[in-house]
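Examining the three-dimensional arrangement
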Amino acid sequence: MPDEELHFSRKSLKIPAQVTCLAYGETDRLLAGSDDGSVRIYDLTTMKVVKAIRGLAPVSSVAWRSRTESHADCLFVATGRRMILTSCDAHTELVVGADDNDLVNELTINARGDRLAYCLDSGVVGVIDLSNNKVVRMKKCHDSVCGSVKFIPDRPSELVSGGYDSAVFHFDFLQASLLSRDDLDLGATASSFGTSMTPPFIVSLSISPTGIIAAGTADGRVYVGTSGEKSSEAGAGRQKRRRKWEGLRADGRIVTEVAQGPVTGTVFTAPREFLTCTLLGSVTSHEIGGSADDSSLSVKPKWNHSTEDIFKVNAIVATRDLVFIGGFQKDGGGIIEVWRIGATGENAETK
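These figures come from a predicted structure and were not determined experimentally.

1. Overview of the overall build of the protein chain
Within the protein chain one finds 1 helix and 28 strands. The buried share among the 351 residues of the protein chain stands at 52%. Residue pairs in contact within the protein chain that sit at least 24 positions apart in sequence constitute 47% of those at least 6 positions apart. Only carbon and sulfur atoms are counted for the fraction: they give 47% of the accessible area of the protein chain, which is about 15700 Å².

2. Section: the pattern of salt bridges
Between side chains of opposite charge, pairing is possible as soon as their charged atoms come close. Under the counting rule described, the total for this entry stands at 19 salt bridges. A salt bridge links R81 to D100, with the shortest nitrogen-to-oxygen separation between them at 3.1 Å. Taken together, the residues span a long stretch of sequence, with R81 in the loop between strand 7 (74–79) and strand 8 (82–86) and D100 in the loop between strand 9 (91–95) and strand 10 (104–109) at a distance of 19 residues. Looking at R81, the relative accessible area reads 25%, which means it is partly exposed. Between D114 and R115 there is a salt bridge, and its shortest N-O distance comes to 3.7 Å. Classification of R115 by relative accessible area gives buried; the value is 18%. By sharing partners, the salt bridges in this structure join R10, E308 and E337 into a single network.

3. Thoughts on the side chain of S285
Along the chain, the position of S285 falls in strand 24 (residues 282–289). By relative accessible area, S285 is classed as buried at 2%. Apart from the residues lying within four places of it in its own chain, the contact partners of S285 are F274, L275, K300, P301, K302 and W303.

4. Quick notes on the sheet that holds strand 2 (residues 19–24)
Taken together, the 4 strands give an open sheet; going across it, the order is 2-3-4-5, and neighbouring strands pair in antiparallel fashion. Two strands in the sheet have a free side with no partner beyond their single neighbour: strand 2 and strand 5 (48–53). The sheet shows a mean angle of 20° between the axes of neighbouring strands, taken without regard to direction.

5. Things to note about the environment of G281
Locating G281 in the fold gives a position in the loop between strand 23 (273–278) and strand 24. The exposure class of G281 is buried, given its relative accessible area of 0%. For the pair G281 and G327, spaced 46 residues apart in sequence, the C-alpha separation works out to 9.2 Å. Sequence-distant contacts of G281, defined by excluding residues within four places in its chain, comprise H305, S306, T307 and V313.

6. Examining the pairing of strand 12 (residues 125–129)
Of all 5 residues that make up strand 12, 5 are buried, and the element is covered over most of its length. Along strand 12, one buried face is formed by V125, V127 and D129 and the opposite face, lined by G126 and I128, is buried too. Where strand 11 (residues 115–120) lies against strand 12, 5 bridges are found, and the strand directions are antiparallel. Bridging across to strand 12, A117 finds its partner in V127. Linkage of strand 11 to strand 12, two consecutive antiparallel strands, is achieved through a turn of 4 residues, within which G123 is found at a positive phi near 95°.

7. Notes on unusual backbone geometry
Backbone geometry places M47, a non-glycine residue, at a positive phi of 60°. On the secondary structure map, M47 appears in the loop between strand 4 (39–43) and strand 5.

8. Side note on the environment of T27
Tracing the chain through its elements places T27 in the loop between strand 2 and strand 3 (29–34). Residue classification places T27 among the partly exposed residues on the basis of a relative accessible area of 36%. Along the chain, T27 and D43 lie 16 residues apart, while their C-alpha atoms are 8.8 Å from each other.

9. Describing the sheet that holds strand 14 (residues 146–151)
With antiparallel pairing, the 4 strands of this open sheet are ordered in space as 14-15-16-17. Sheet topology places strand 14 and strand 17 (177–183) at the edges, where each strand pairs with a single neighbour. On average, each strand axis in the sheet is tilted by 20° relative to the strand beside it, whichever way the strands run.

10. Some remarks on the packing of aromatic side chains
For the structure on display, the rule yields 5 aromatic pairs. When the centroid spacing of 5.5 Å and the interplanar angle of 80° are considered together, the rings of F151 and F173 count as edge-to-face. Of this pair, F151 sits in strand 14 while F173 sits in the loop between strand 16 (167–172) and strand 17, and the two are 22 residues apart along the sequence. Each member of the pair, F151 together with F173, is buried.

Criteria and thresholds
- Residues numbered from 1 in each chain as written.
- Predicted model: local features only at pLDDT ≥ 70, side-chain atom pairs only at ≥ 80, totals over all residues.
- Heavy atoms only, no water.
- Helix = DSSP H or I, 4+ residues; strand = E, 2+ residues; numbered from the N terminus.
- Buried < 20%, exposed > 50% of the residue type's maximum accessible area, 1.4 Å probe, protein only.
- Contact = heavy atoms within 4.5 Å.
- Areas by Shrake-Rupley, 256 points an atom, 1.4 Å probe, with all protein chains shown as cover.
- Salt bridge = Lys/Arg side-chain N within 4 Å of Asp/Glu carboxyl O.
- Pairing = 2+ DSSP bridges.
- Axes fitted to C-alpha atoms, helices over the stretch in contact; angles between N-to-C directions.
- Phe/Tyr/Trp six-rings, centres within 6.5 Å; stacked < 30°, edge-to-face > 60°.

As structure tokens, this is what we get:
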């Protein structure tokens, strides 16, 4: 969709310290963690802070579990090597890192709300059973920092992780076993955009509701794996549930350069559409087309916008029509840009 067919507006929310992580609460709540040890919860209808937590160590990740009949709503905060679970009537702290240098990088909660996955600087990937706070570590670790971990939709025991060893791991977390892996070191570290010799560290990762994986790398590439996709348009034979997710198969993979610099954020906005965001704030919407079956698989850009007030980007999340980008300004202050994007036939940009 060309830019002229988009209605695009933005506003900025400023806070004292840099925004290190963002999460969407599914109850019109935006969670923002900062390096000054604070967490702010915003009401998306007013864009106002409704609650703030202070006095923690620098916050690296936040996650939210919405209230259901079986459990209360709960905020999960990663700070240093610890995880803090906070709700209106409970407070629990779990130490998951081996030492003070083994920091938690990302938290993610599964669709049922009964498991929380985490990953560490040491390369460890683990899962916590929230019914009893039992911690299970995967038997295989990344060789370097693991920065991203996600549960696979509709797979009750499977997750994926991405590391600075340029590898994507696929686990059965109930067995703590490695099911499959793929490596992004494709034999060339130099980027065609210039003379960068940055290795393809995986610095961001997302999975669509239908099981497509997209991972952003430190050298400006995006890895897309489609072999685990569920499709409502597929025939009955294709719809038969496979025993395991097969999203890392080579025949459904495409790797393409999308940016000059690290792709610090990837997030799906539709089953075959996702956003990438670079460290310097260039946000691009991509559409996945075709199929590996007939060699027509492609990833094509739809639109691109850049942040205005953010010097460096640390996090991005999105809803159906809202995009939230967090980071810091040149003076070190924290900031969240809120973008509203829709196909209206107009192109308006406001502060």
